[in-house]
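Letter by letter, the chains look like this.
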Amino acid sequence: SQQGEEDPQALSIQEGENATMNCSYKTSINNLQWYRQNSGRGLVHLILIRSNEREKHSGRLRVTLDTSKKSSSLLITASRAADTASYFCATAGVDSNYQLIWGAGTKLIIKP
Amino acid sequence: NAGVTQTPKFQVLKTGQSMTLQCAQDMNHEYMSWYRQDPGMGLRLIHYSVGAGITDQGEVPNGYNVSRSTTEDFPLRLLSAAPSQTSVYFCASSYSTATLQEQYFGPGTRLTVT
């Protein structure tokens, strides 16, 4: 069963604004991963953050992890039309038995 | 490198038919997996493999079989297609099995069962 939950389910912002998506999970993790999926395409890995890390950056992306609250956030700064996509978090649990647990995703729309 | 490839891209089946979805990767990854994605939902794991000759069930394995005879290939077989199997199917691979790392995804197969 899906243990990751993401909010909001959908987010629509103006180009140039920042977008923040949140992910919550239920079990102890080794790492948490964020992926992007453009409409009708496969998923693309964005960032992996380990359980002993609190923040990670990659270009315009910033991911934070709070293991005490079992939550993570993905911030996209200075959004562009090309950022329009669905964003998913996935967790590699300590007891995951080789299975990533996925959230249902946040659909992000960037308005020009 | 081609990465992860999947064939076919689209398929329409009648109820009761069987077929095999193909998946191949050229990155020498040990871990491979199959997911299905239904509208508005995240991914659900069907089967996975941690190496040639080793497969195991995921969250939703019923109605599907897999095999892993080589490191490169991981085909998914639908035994007797049902309308409930209408979905988009993704194959993914990863270099590590100790702790799951970055997954590389194929482009997907869109399957419709009538």
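Right above here is the structure, for reference.
Analysis parameters
Counting restarts for each chain: residues are numbered from 1 in the order of the written sequence. Key to labels: chains lettered from A, ligands numbered from 1, both in the order written. Side-chain atom pairs in this predicted model are given and counted only at pLDDT of 80 or more, local residue features only at pLDDT of at least 70, and totals for whole chains, interfaces and linings cover all residues. Heavy atoms from the whole structure form the basis of all side-chain values; hydrogens and water molecules are not counted. Whenever a carboxyl oxygen of Asp or Glu lies within 4 Å of a side-chain nitrogen of Lys or Arg, that contact is scored as a salt bridge. Helix and strand definitions follow DSSP, with helices as H or I runs of at least four residues and strands as E runs of at least two, each counted in order from the N terminus. A 1.4 Å probe rolled over the protein chains alone gives each residue an accessible area, and that area as a share of the maximum for its type sets the label: buried under 20%, exposed over 50%, partly exposed in between. A pair of sulfur atoms, both from cysteines and within 2.5 Å, is called a disulfide here.

J.: Break down the pattern of salt bridges for me, with residues and values.
T.: Note that side chains of opposite charge can pair when their charged atoms are close. The full count for this structure, using the stated rule, is five salt bridges over all chains. Between R60 of chain A and D83 of chain A there is a salt bridge, with the nearest N and O atoms lying 2.9 Å from each other. With R60 of chain A in the loop between β6 (55-58) and β7 (61-66) and D83 of chain A in the loop between β8 (71-76) and β9 (85-93), this pair connects stretches of sequence that are 23 residues apart. In this structure R60 of chain A comes out as partly exposed when scored by relative accessible area, which is 21%. For D83 of chain A, a relative accessible area of 8% corresponds to the buried category. Its salt-bridge partner being R36 of chain B, residue D38 of chain B comes within 3.0 Å of it at the nearest N-O pair. Each member of the pair, D38 of chain B together with R36 of chain B, is buried.

J.: Outline the state of the cysteines, listing residues and values.
T.: In protein structure, a disulfide is the covalent linkage between the sulfur atoms of two cysteines. Residue and element names in this part refer to chain B. Considering all chains together, one arrives at two disulfides over all chains under this definition. There is a disulfide in this structure between C23 and C91, and the S-S distance comes to 1.8 Å. Measuring the twist about the S-S bond at about -70 degrees, one finds the C23-C91 disulfide to be left-handed. Of this pair, C23 sits in strand β3 (residues 19-25) while C91 sits in strand β9 (residues 87-94), and the two are 68 residues apart along the sequence. C91 carries the same exposure label as C23, and that label is buried.

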